[in-house]
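# Tertiary structure, described
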Amino acid sequence: MMTSVQQAYQLAKQQFADMEIDTEVAMAALDRLPVSVHCWQGDDVAGFELQSRDLSGGIQATGRYPGKAHNADELRADLEVAFALIPGAKRLNLHASYLEADNKVERNEVKPQHFVNWVEWARQNKMGLDFNPTYFSHPLSQEATLTHQNKEIRDFWIEHGKACRKISEYFGRELGTASVMNIWLPDGSKDLVIDRFAPRQRLMASLDEIISEKIDTKYHLDAVESKLFGIGLESYTAGSNEFYIAYATSRQTALCLDAGHFHPTEVISDKISAVMPFIPHLLLHVSRPVRWDSDHVVLLDDETQAIANEIIRHSLFDRVHIGLDFFDASINRIAAWVIGTRNMKKALLKALLEPTAVLRQAEINADFTTRLALLEEQKSLPWQAVWDMYCACHDVPVGSRWLNEVRRYESAVLSQR
């Protein structure tokens, strides 16, 4: 006997077939699009360095919802619960501050051995790892890092970047899939700056030194991430959008676009096609800014859908790397992962179910009436029935039933922390 999910899917499948869209092909394509889930949602960006440090560099996690992870074992256990509720391919994105060591390890001395447990966990869960140097929340990052006037401090952070590339390469070699290592730093100024040029010259030279050793792109990809401004850095940010577009283009690194790192009226969906002709790879940090970079949980909103559409419409499967970046401490952290990641995947599936070829031909023919009509009609097509079937095929709860699993885990585990 067919279940209600199967019945709804069969009806939806036929309706999409009438538009020459194969739902089976769409679901298979979605399996080729892993979403890199960020580890720092699970512990409010604290990390596991032995020394106690307050968040700095414009990093803020607001809220005090109980049950956050306090060590790597707890974080991995929480991630396993979340991943069991998210269908399809996934990756995990780590920061250098999530190392595991019995003794204090300085950031410029971090090594692959400090991430052996993460690699083994990823191997068991059949997923790749991505990586980030941690240029914030450190005594030597209070003024600046790679732009610092003091060469000794710059060298410390250059060494950190080099060490992190070795860890990223280790991930790629061990797991058989390239690790994307993203460089973001909060260097800038709260108030007016006389010399904006010299810090950017130092930043360029520091980055050049970090990436000077060639690493096979089968194992590791370098990415650089811009930001409009940070808390306490409102007047000047050295690593601006213009700086990093120029850097990524001239050095042929990947460019990272974060949805919250631009003016409130800017969107990154329009920037994807603008930069892709000039760079080999693009990294996306999909987030939800509320007025600015507030890192709210990703919604299935217009911009998330537009980002997915750009990836699918232009067949950027192998050149665009999709990551998430939010940290909401006001709600259940596992639920935040599940909601945000499922929404990103829903947007990708909806994009895969779009009659793109027909729409593109209408545009070529200057038939803008058909283009607009079909764009609007597809909004009410039964994509949800296809999503439900996709979840069922991956043995993941359909609809909001996943929340029951989160509540059970919260009662049994999180509430005991």
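Here's a quick rundown of the structure. (Residues numbered from 1 in each chain as written. Predicted model: local features only at pLDDT ≥ 70, side-chain atom pairs only at ≥ 80, totals over all residues. Heavy atoms only, no water.)

### Digging into the environment of His394
In plain terms, the rule: For the purposes of this entry, the term helix denotes a DSSP run of H or I that reaches at least four residues, the term strand denotes a run of E that reaches at least two, and both are numbered from the N terminus. Whether a residue is buried, partly exposed or exposed follows from its accessible area with a 1.4 Å probe, protein chains only, as a fraction of its type maximum: under 20%, in between, or over 50%, in that order. Throughout, a residue-residue contact means that at least one pair of heavy atoms, one from each residue, lies within 4.5 Å. Each polar contact in these results corresponds to two N or O atoms within 3.5 Å; when the atoms are within protein, one needs to be able to donate a hydrogen and the other to accept it, and residues that are neighboring in sequence are counted only if both atoms are side-chain atoms.
For His394, the location among the structural elements is in the loop between helix H13 (383-393) and helix H14 (402-412). Among the residues examined, His394 registers a relative accessible area of 30% and is labelled partly exposed. Along the backbone, His394 and Arg291 are 103 residues apart, and their C-alpha atoms lie at a distance of 36 Å. The residues touching His394, leaving out its near neighbours within four places in the chain, are Asp31, Pro87 and Gly88. Within polar-contact distance, the side chain of His394 engages the side chain of Asp31 at 3.0 Å.

### Brief notes about the pairing of strand S1 (residues 35-38)
What counts is decided by this rule: A pair of strands is labelled paired if DSSP reports no fewer than 2 bridges between them.
In S1, alternate side chains face the same way, and those of Val35 and Val37 on one face and Ser36 and His38 on the other are all buried. Relative to strand S2 (residues 90-95), S1 runs parallel, the two sharing four bridges. Of the residues in S2, the one forming a bridge with Val35 is Lys90. Note that S1 and strand S12 (residues 320-324) share two bridges and pair parallel. Opposite Ser36, over in S12, you have Gly323 as the bridge partner.

### Overview of the side chain of His95
Looking at the secondary structure, you find His95 in strand S2. Of note is the side chain of His95, whose polar atom sits 3.4 Å from the backbone oxygen of Asn132. In this view, His95 contacts Cys39, Trp40, Phe115, Phe131, Asn132, Pro133, Thr134 and Phe136; residues no more than four positions away in its chain are not counted.

### Points about the state of the cysteines
This is how it is decided: A pair of cysteine sulfur atoms is labelled a disulfide when the two atoms are within 2.5 Å.
Summed over all chains, the structure comprises zero disulfides. With no disulfide of its own, Cys391 lies 9.4 Å from the sulfur of Cys393, the closest cysteine sulfur.

### Thoughts on the nonpolar core
Basically, it comes down to this: In this text, buried Ala, Val, Leu, Ile, Met, Phe, Trp, Tyr and Cys residues form a nonpolar core when linked through side-chain atoms within 4.5 Å.
Judged by nonpolar contacts, the single largest core of 120 residues is most densely connected at Leu92, Leu94, Trp118, Leu282, Leu284 and Leu348. Tallying contributions element by element places helix H10 (residues 333-352) first for this core, with eleven residues. Residues contacting Trp118, with those up to four places away along its chain left out, are Phe48, Ala72, Leu75, Arg76, Leu79, Leu92, Leu94, Tyr98, Glu100 and Leu129. Residues Ala178, Leu221, Ala254 and Cys256 belong to the second largest nonpolar core, which totals seven residues.

### Points about unusual backbone geometry
Here Val45, not a glycine, exhibits a phi torsion of approximately 70 degrees, which is positive. Structurally, Val45 is set in the loop between S1 and helix H3 (72-83). Here Lys126, not a glycine, exhibits a phi torsion of approximately 55 degrees, which is positive. Among the structural elements, Lys126 can be located in the loop between helix H4 (116-124) and strand S3 (129-132).

### Observations concerning the pattern of salt bridges
When the charged atoms of two side chains with opposite charge come close together, those side chains can pair. Worth spelling out the cut-off: Take a side-chain nitrogen of Lys or Arg and a carboxyl oxygen of Asp or Glu: if they are within 4 Å of each other, that pair is a salt bridge.
All told, the structure shown has 24 salt bridges when counted by the stated rule. Measuring nitrogen to oxygen at the nearest pair gives 2.9 Å for the salt bridge that ties Glu100 to Arg76. Highlighted residues: Glu100 in the loop between S2 and H4 and Arg76 in helix H3, separated in sequence by 24 residues. On the basis of relative accessibility, which here comes to 22%, the residue Glu100 falls in the partly exposed class. Since its relative accessible area comes to 7%, Arg76 is described here as buried. Residue Asp208 pairs with Arg251 through a salt bridge whose shortest N-O separation is 2.8 Å. Residue Asp208 is located in helix H6 (residues 197-210), and its partner Arg251 is located in helix H7 (residues 241-251); the two are separated by 43 residues in the primary sequence. Overall, Asp208 belongs to the partly exposed group, its relative accessible area being 26%.

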